Amino acid sequence: MPTDCLRFTMVRPFDPSNGCCTGLLTELILLIVILLHVRRGVASEWPIPDVFYDTKVIPEDHEVTAYLFKNEIESVFFLPDDETPVSISVIPCASALEWNVTYSTYNKSEQGGRPYYNYTGAGKHTFTLHGKLIFKLSLRALTSDTRVHFFATKQSNSAAYPALPRDYKVEGAEVQRRRISVSWKASPEETPYDNIITYCVAISRGRSYPTHCSLNAHLYGDSYMKPPVGAGFGFAKEKKRFREMERRARPVKAAKRGQIVYKCIGSRTNYIYTRAKPNTKYFIDVYVINNNTNRTSAYTGLELKTMKGKKVKSLKYNKLNKVTLSRPKQKEVLKFKLTSFTSKVFLAIHACRGKVKFQVMRRGKTIVNTRVRNIKKMTLRDLEPDDYLVKITNSRKGRRNVRVFISNSSQVFQQYPDLPNDTRVHVFEEQTTCNNVTIAWVEEGQRQTYCIYKKEIPVSPKKKRRRSKDSCKTSIVKSSEKIICKKFSRKHRVGKKGVTTYEITGLKPDTAYQFDILVSRRKRNSLPYQSVVTQTSSEC
């Protein structure tokens, strides 16, 4: 049969829903069936998309695609040539679909269609047809224009799409404030000897994408599906109708950058997302792709919400940032932001009492991980522009006050003083007289000013000496008398360990005194040594 004759015979107006006479329709259907199943001659060379576009008849074992306009009903047909059950897969893309299946017989006296099946949804759906009947699928796009794929097969174990495991749900292994860990079971098609399977993950805050073509439509944007080159008869009215359909098309546009995170991860069956936001809902979809056929299957997506978290405070540059940890193992998170490449960032961490854990992280990767007792200074080098997190963790017991000083200027950073690991102030008891006391302390760093204070206190017969262990508390000198402020020279040092001594004179006999030392640089931040209490001799 000539190709032109076949093309002329398969004209779309002959639709059972149009009320056409059943006898003529039956003859046309027979011609269509001949066309779809002939395997020799001219008809076998006719491209499948052309056949489907002109006839709207779904072929066997070939995936075909139709374009649906929003809220407009479009019909396609399937014509089994025997009683063998047929599986039909409907795969929506940009929009969810509402569709129903009706059937009719080849009986000339019978008109209309009887209900057979109906479904509404956005995911891939497969159903089975039984009998040698005329099946009609009527579909309507609910939210937007969309493409939809069809696939029909009589094979019970068809390998047209990648196989999914029995439990094909995406599982949430771990959910934190900024971290989501998910996993899934491997596809049965995966083997250790080849690379035919690839897994891809999509993460979105807006919605789920239950099919891979749905993801592609929203990630990259959809487009109107133009008729095949050989579609129709070439009439002027037909070409005009094609142009009008293209003008009416409103395919979905691509999502804004960052709205959808999409990544293919090879054969791994787990994924960790580290850029989540606290107290935020996320939709996670996983797709398995056959690298040989480029066809996909989708796992059942996961919807979850990250944990609530406090608003992260920003560290202020060139100022003293105060942090209080009141509970055991309590964590406090701060951040600092760099807008350009920075060669050096200077940090000083001062644990006023006890020990704390200090970490600096970028995108989940730890840059600094250390423990701080008293004070520690460090320099971070060659930092890329980004947000950096600073995490401070309390030790097991006790309340902790922590001070953090940050600067990208070495001159400003030098204004923050140093303290030694040992901040005790010692009294030379054997040199104590009725009006003189000699004290000693370990000196740290250079170009620092040490101020010594004294204060008379009531004599305590039970506890003669006491020390303050909070090395941040400078208010202890508010009611004290300043004795001296100076940069001590080498003549005041004892040995090579940096121990500095000073003799305090003019004291009262048999009187208890508290002595304090504050160290500072350029009259900026001050840090205290531990207080010491002693009593002068009663006899001179």
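The preceding data block contains the structure.
Residues numbered from 1 in each chain as written. Predicted model: local features only at pLDDT ≥ 70, side-chain atom pairs only at ≥ 80, totals over all residues. Heavy atoms only, no water.

Undergrad: Before we go on, may I ask you to explain the overall build of the protein in this structure?
TA: In terms of regular secondary structure, the protein is built from six helices and 32 strands. When each of the 540 residues of the protein is scored for burial, the buried share is 46%. The contacts of the protein with a sequence gap of at least 6 include a subset with a gap of at least 24, amounting to 77%. With an accessible surface of roughly 29600 Å², the protein has 48% of that area assigned to carbon and sulfur atoms. (Helix = DSSP H or I, 4+ residues; strand = E, 2+ residues; numbered from the N terminus. Buried < 20%, exposed > 50% of the residue type's maximum accessible area, 1.4 Å probe, protein only. Contact = heavy atoms within 4.5 Å. Areas by Shrake-Rupley, 256 points an atom, 1.4 Å probe, with all protein chains shown as cover.)

Undergrad: Honestly, the sheet that holds strand E1 (residues 64-68) in this entry has me stumped. Any pointers?
TA: Reading across from one edge, E1-E8-E3-E6 is the order of the four strands in this open sheet, with antiparallel pairing throughout. Among the strands making up the open sheet, the edge pair consists of E1 and strand E6 (125-129). On average, adjacent strands in this sheet sit at an angle of 25 degrees to one another, irrespective of strand direction. As judged from the five bridges shared by E1 and strand E8 (residues 146-153), these two strands associate in the antiparallel manner. By the bridge assignment, Ala66 is partnered in E8 with Val148. (Pairing = 2+ DSSP bridges. Axes fitted to C-alpha atoms, helices over the stretch in contact; angles between N-to-C directions.)

Undergrad: I tried to follow the state of the cysteines on my own but got confused; where do I start?
TA: What we call a disulfide is simply a covalent bond connecting the sulfur atoms of a pair of cysteines. For the structure on display, the rule yields three disulfides. Note on cysteine connectivity: Cys200 is disulfide-linked to Cys264, with sulfurs 2.0 Å apart. Classification of the bridge connecting Cys200 and Cys264 rests on its S-S torsion, roughly 95 degrees, and on that basis the disulfide is right-handed. Residue Cys200 is located in strand E11 (residues 197-204), and its partner Cys264 is located in strand E12 (residues 260-264); the two are separated by 64 residues in the primary sequence. Note on cysteine connectivity: Cys451 is disulfide-linked to Cys485, with sulfurs 1.9 Å apart. One disulfide, between Cys451 and Cys485, carries an S-S torsion of 120 degrees and so falls in the right-handed class. Pair noted here: Cys451 is in strand E26 (residues 449-457) and Cys485 is in strand E27 (residues 481-486), with a separation of 34 residues, a long-range link. Since its relative accessible area comes to 33%, Cys485 is described here as partly exposed. (Disulfide = S-S within 2.5 Å.)

Undergrad: Explain the nonpolar core here, please?
TA: One broad rule of soluble globular proteins: the nonpolar side chains tend to lie buried together. Residues Ile439, Trp441, Ile452, Ile517 and Tyr529 are the most contacted members of the largest nonpolar core, which totals 25 residues. For this core, the element with the most residues is strand E30 (residues 512-520), which contributes four residues. (Core = buried A, V, L, I, M, F, W, Y, C linked by side-chain atoms within 4.5 Å.)

Undergrad: Any chance you could explain a positive patch on the surface here in plain terms?
TA: A surface patch of positive charge is lined by Arg177, Arg178, Arg205, Lys277 and Lys331. Topologically, Lys277 is positioned in the loop between strand E13 (270-273) and strand E14 (281-290). Judged by relative accessible area, Lys277 falls into the partly exposed class, the value being 43%. (Patch = residues over 30% accessible without salt bridge, like charges linked within 9 Å, V, L, I, M, F, W, Y side chains within 5 Å. Salt bridge = Lys/Arg side-chain N within 4 Å of Asp/Glu carboxyl O. Lys, Arg positive; Asp, Glu negative; His and termini not counted. Charge placed at Lys NZ, Arg CZ, Asp CG, Glu CD.)

Undergrad: Hey, could you run me through the packing of aromatic side chains in this one?
TA: Given two aromatic rings, one states the distance between the centres and the angle between the planes to describe the pair. All told, the structure shown has 23 aromatic pairs when counted by the stated rule. An angle of 80 degrees between the planes, with centres 5.5 Å apart, marks the rings of Tyr67 and Phe69 as edge-to-face. When the centroid spacing of 6.0 Å and the interplanar angle of 40 degrees are considered together, the rings of Trp441 and Tyr450 count as tilted. For the pair shown, Trp441 and Tyr450 are each scored as buried. An aromatic cluster of at least three residues, connected via ring pairs, comprises Trp99, Tyr117, Tyr119 and Phe127. In this structure, Arg295 is placed above the aromatic ring of Tyr161, and the distance from its NZ or CZ to the ring centre is 5.6 Å. (Phe/Tyr/Trp six-rings, centres within 6.5 Å; stacked < 30°, edge-to-face > 60°. Lys NZ or Arg CZ within 6 Å of the ring centre and 35° of its normal.)

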